[in-house]
Amino acid sequence: MAKQTLCWCSVRPKPCYRASSVVVGHPLDTVKTRLQAGKGYRNTFHCVLTIYQKESVSGFFKGLSFPLASIALYNSVVFGFFSNTQRVISKFRYGDGHHPSSILDLTLASMMTGFVSVGMGAPVDLVKIRLQMQSHPVLAENLNLAGNVPLRSVGIRSQTVYRGPIHCIGSILQSEGVQGLYRGAGAMLLRDIPGYALYFIPYTLLCDWFKPDQNASPHPCYIWLAGGLAGSISWVTATPVDVVKSRLQADAFHCRKYRGITHCIISSYKTEGLHVFFRGVTVNAIRGFPMSATMFLGYELSLDFFRSL
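Keep in mind that this is a model prediction, so the values were computed, not measured. (Residues numbered from 1 in each chain as written. Predicted model: local features only at pLDDT ≥ 70, side-chain atom pairs only at ≥ 80, totals over all residues. Heavy atoms only, no water.)

A. Region of the structure containing unusual backbone geometry. In the Ramachandran plot, Ser56 falls in the positive-phi region, its phi being about 65° despite a non-glycine side chain. In this fold, Ser56 is placed in the loop between α3 (44-55) and α4 (65-94). (Helix = DSSP H or I, 4+ residues; strand = E, 2+ residues; numbered from the N terminus.)

So this is what it looks like as C-alpha cells:
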C-alpha cells in the first residue's frame with residue numbers, strides 16, 4: 001500500500017494534468033457555489049438552467065482564469081509538501097525516509113498538507129467565488145435617483161462589480177486589506193484538514209485493492225476509478241463545511257451578512273434549516289469524480305512516462 005503512495009507522491013505531475021482537472025470540474029463548481037451561497041434556485045437542474053438562460057455557456061466558466069493560472073504553483077506546493085512530510089515522518093518513526101507509510105503516517109501527512117494548502121488556496125478560492133457569484137450586473141433598472149427617476153432613463157449603463165481576477169483582488173485589498181483575501185480561511189481549514197485525509201487514503205486503499213498482486217501496478221481504468229471515488233468521498237463529506245466556506249467568501253464587504261463561522265452556521269440554520277448544509281452535495285459527488293479521476297490518472301501516466309525514460 002505505502003509503496004504505491006510514496007511512488008506517486010514523490011514526483012510532481014505535469015501541470016497540464018492538474019489544469020485539465022480544473023477545466024473539467026469548473027462548470028459544476030460554479031453550480032455548486034451558486035447553490036450554496038446564492039438564492040432563488042429550487043434545485044440543481046433549475047440552477048443549471050437559470051445560469052444557461054441568463055448567462056449562456058460562458059456563465060459556467062466564470063472565475064476559471066485565476067485557479068487555472070495558479071494551479072501549477074499550488075500543485076507543486078501541496079504535493080511536494082505531502083511527499084516530503086511522508087519522508088520526514090518515516091525518517092522519524094523508522095529511521096528510513098523510504099520506509100512504507102502506515103495509515104497513521106498517511107493521515108498525519110494528509111492533514112498537515114490540508115493545513116498548509118489553505119495559505120495559498122484561500123485567496124484563490126475567494127476570488128473564484130466572488131467572480132462565480134457575479135451572476136448579474138448591477139442592473140441600472142434596480143437603482144433609482146432622487147425622485148424615483150430610473151438610472152436607465154438618464155443613460156447610465158449597468159456595470160459588473162468585478163471586471164476580472166486582478167480587479168477583484170485590487171478591490172478586496174482596497175476595501176478590506178490583506179486579511180480580506182483570507183476571509184473564510186478558518187472554514188477552509190475545517191474543510192481541508194480532514195478532507196485531504198479522506199482524499200489520499202481512500203485512493204491508496206482502493207488502488208491496493210484493485211492491484212492484481214502486491215508488486216504490480218493497477219490498470220489505468222482502476223486508477224481512474226479509484227481517483228474518482230476518492231474525490232467523491234472527500235467532497236461529499238466536506239459539503240457542510242464547504243457551504244459555510246462558500247457563504248463566508250461570497251459575503252462581500254459592501255453587503256456583509258456574516259460575522260464569522262459560528263454566526264454563519266447559526267444564521268443559515270435559523271433561516272433555512274438543517275438541509276442548507278447539504279446544498280450542492282449531489283454536485284460535489286458528481287464533480288469530485290471526474291476531477292479527481294483525471295488528476296490521479298494523469299499522475300500515474302506521467303510517472304510511468306518518466307520511469308520509461
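B. Spotlight on the nonpolar core. Core analysis: the biggest nonpolar cluster contains 25 residues, and Phe79, Phe200, Tyr203, Ala226, Met295 and Phe296 have the highest contact counts within it. Put simply, the parts of the chain that give this core at least two residues each are α2 (15-37), α4, α5 (103-132), α7 (185-210), α8 (220-250) and α10 (281-308). By residue number, the principal contributor to this core is α7, which donates eight residues. Core analysis: the next-biggest nonpolar cluster, separate from the first, contains nine residues, Leu131, Cys168, Ile172 and Ala252 among them. (Core = buried A, V, L, I, M, F, W, Y, C linked by side-chain atoms within 4.5 Å. Buried < 20%, exposed > 50% of the residue type's maximum accessible area, 1.4 Å probe, protein only.)

C. How the structure looks around the side chain of Asp242. Considering the arrangement of structural elements, one finds Asp242 in helix α8. Polar contacts involving the side chain of Asp242 include one to the side chain of Arg191, which spans 2.9 Å. Setting aside its immediate chain neighbours within four residues, Asp242 contacts Lys32, Gln36, Arg191, Trp235 and Asn284. (Polar contact = N/O pair within 3.5 Å; in protein donor to acceptor, adjacent residues only side chain to side chain. Contact = heavy atoms within 4.5 Å.)

D. Region of the structure containing helix α9 (residues 261-272). Taking 1.5 Å of rise per residue, 12 residues should cover 16 Å, and α9 covers 16 Å from first to last C-alpha, within 8% of that figure. Along α9, the positions that sit buried rather than exposed are Cys264, Ser268 and Glu272. Down the axis of α9, the sector holding all buried residues measures 25°, keeping them to one side. Exposed and oriented more than 90 degrees from the buried face of α9 are Thr262 and Lys270. The elements touched by buried residues of α9 are α8. Following α9 by one or two positions, Gly273 has its phi on the positive side, about 85°. (Expected span 1.5 Å × (residues − 1). Arc of directions from axis to C-beta.)

As far as function goes, none of this settles anything; it's purely spatial.
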